[in-house]
Amino acid sequence: TAEEVPVTFPEKLMTVLDNDQLSDVITWLPHGKGFIILQKKKFATEVMPIYFKHSKFTSFTRKLNRWGFTRVPRGPEAGSYYHKYFQRGNHHLCMQMHCQSKPTANTSPRTTPPPAIESPKMTANANPKEDPMSPGSNVAAALSDLRVEASPLENKEQESSHRHADFKTTLSRQQEFLRVDKEDQHRKEVLQEEQFGQKPSLAELYQVSRRHSPERKMKE
């Protein structure tokens, strides 16, 4: 006959947790990724002798340590135990757990929960005094906002300056055109006077009068 495969410590522990009659002594956490022992004394005297064949609680905690369980030291789930392969209803997953051949120097389970299975409550309360926005980041954000708000004003000021310069240039050109136009008009008027309205000078009139005088005719 085939040899019977021995039941591992995690499998025994999962059988205990699946027993609803023991939920007031040991139970799963609400999310099912860890468990907690509510009554250590009753667990040692009434549950351990049936499932683990002894009643020494320190021996039980050494087993948890050798199988890689992690104990939560503080927070709303303080005293509970975790393992990434030990989850409610998943018996096949716990088959991937391995026991260390030699116990570590510290006989109690490790007290730093792995990040992958850290509960949401513990994450929210891990650093209650830590401000997600530091003063330096607030100042930097405020300066950035001021730059964004000032940018349109600077653009408007530059546009106004450009418009003023364009206006002055246009006005100067118009004045120059008016001056040239007045000079041209004046030249035209002078030419018209010379062509159509030219009058003889006094010297010319004197010469003409002498030319037609009676005394000069008699001499001739």
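About the cut-offs
- Residues numbered from 1 in each chain as written.
- Predicted model: local features only at pLDDT ≥ 70, side-chain atom pairs only at ≥ 80, totals over all residues.
- Heavy atoms only, no water.
- Helix = DSSP H or I, 4+ residues; strand = E, 2+ residues; numbered from the N terminus.
- Buried < 20%, exposed > 50% of the residue type's maximum accessible area, 1.4 Å probe, protein only.
- Contact = heavy atoms within 4.5 Å.
- Areas by Shrake-Rupley, 256 points an atom, 1.4 Å probe, with all protein chains shown as cover.
- Pairing = 2+ DSSP bridges.
- Arc of directions from axis to C-beta.
- Core = buried A, V, L, I, M, F, W, Y, C linked by side-chain atoms within 4.5 Å.
- Phe/Tyr/Trp six-rings, centres within 6.5 Å; stacked < 30°, edge-to-face > 60°.

1. Digging into the overall build of the protein chain
Right, so step 1: If you tally the helices and strands in the protein chain, you get seven helices and four strands.
Right, so step 2: Within the protein chain, the fraction of its 220 residues that count as buried is 21%.
Right, so step 3: Considering only contacts in the protein chain between residues 6 or more positions apart, those separated by 24 or more positions represent 57%.
Right, so step 4: Of the roughly 17,200 Å² of accessible surface on the protein chain, 54% is carried by carbon and sulfur atoms.

2. Comments concerning the sheet that holds strand 2 (residues 34-37)
Right, so step 1: Spatially, four strands are ordered 1-2-4-3 in an open sheet, and the strand pairing comes out antiparallel. In this open sheet, the two edge strands, each paired with only one partner strand, are strand 1 (26-28) and strand 3 (70-71).
Right, so step 2: Relative to strand 4 (residues 81-82), strand 3 is paired through two bridges, and the arrangement is antiparallel. Bridge pairing in strand 4 links Arg 71 to Tyr 81.

3. Digging into the pairing of strand 2
Right, so step 1: Residue alternation in strand 2 divides its side chains into two sets, Gly 34 and Ile 36 and Phe 35 and Ile 37, and both sets are buried.
Right, so step 2: Where strand 1 meets strand 2, three bridges bridge the pair, whose relative direction is antiparallel. By the bridge assignment, Ile 26 is partnered in strand 2 with Ile 37.
Right, so step 3: Between strand 1 and the antiparallel strand that follows it, strand 2, lie five residues; Gly 32 among them carries a positive phi value of about 75°.
Right, so step 4: Bridge analysis of strand 2 against strand 4 gives two bridges, and the strand direction is antiparallel. Within strand 4, the residue paired with Gly 34 across the bridge is Tyr 82.

4. Thoughts on helix 1 (residues 9-17)
Right, so step 1: Those residues of helix 1 lying buried are Phe 9, Pro 10, Leu 13, Met 14, Val 16 and Leu 17. For helix 1, the angular spread of the buried residues around the axis is 155°, confining them to a single face.
Right, so step 2: Lining the buried residues of helix 1 we find strand 1, strand 2, helix 2 (40-51) and helix 3 (57-66).

5. Focus on the nonpolar core
Right, so step 1: The biggest cluster of nonpolar side chains holds 25 residues, and the ones touching the most others in it are Leu 13, Ile 26, Phe 35, Phe 43, Phe 60, Phe 69 and Phe 86.
Right, so step 2: Tallying contributions element by element places helix 1 first for this core, with five residues.
Right, so step 3: Beyond its immediate chain neighbours, meaning those up to four positions away, Ile 26 contacts Leu 13, Val 16, Leu 17, Phe 35, Ile 36, Ile 37, Leu 38 and Phe 43.

6. Focus: the packing of aromatic side chains
Right, so step 1: Enumeration over the complete set of coordinates arrives at 11 aromatic pairs.
Right, so step 2: Between the aromatic rings of Phe 35 and Phe 69, the centroid separation amounts to 5.9 Å while the plane-to-plane angle is 85°, which identifies the pairing as edge-to-face. Pair noted here: Phe 35 is in strand 2 and Phe 69 is in the loop between helix 3 and strand 3, with a separation of 34 residues, a long-range link.
Right, so step 3: Here Phe 35 falls in the buried class, since its relative accessible area comes to 0%.
Right, so step 4: Look at Phe 69 and Phe 86: their rings are 5.1 Å apart centre to centre, the planes differ by 75°, and that puts the pair in the edge-to-face class. Remark: Phe 86 occurs in the loop between strand 4 and helix 4 (120-125) and Phe 69 occurs in the loop between helix 3 and strand 3; sequence separation between them is 17 residues. There is no split in this pair, since Phe 69 and Phe 86 are both buried.
Right, so step 5: In textbook terms, an aromatic cluster arises when at least three aromatic residues are bridged by ring pairs, as seen for Phe 9, Phe 43, Phe 52, Phe 57 and Phe 60.

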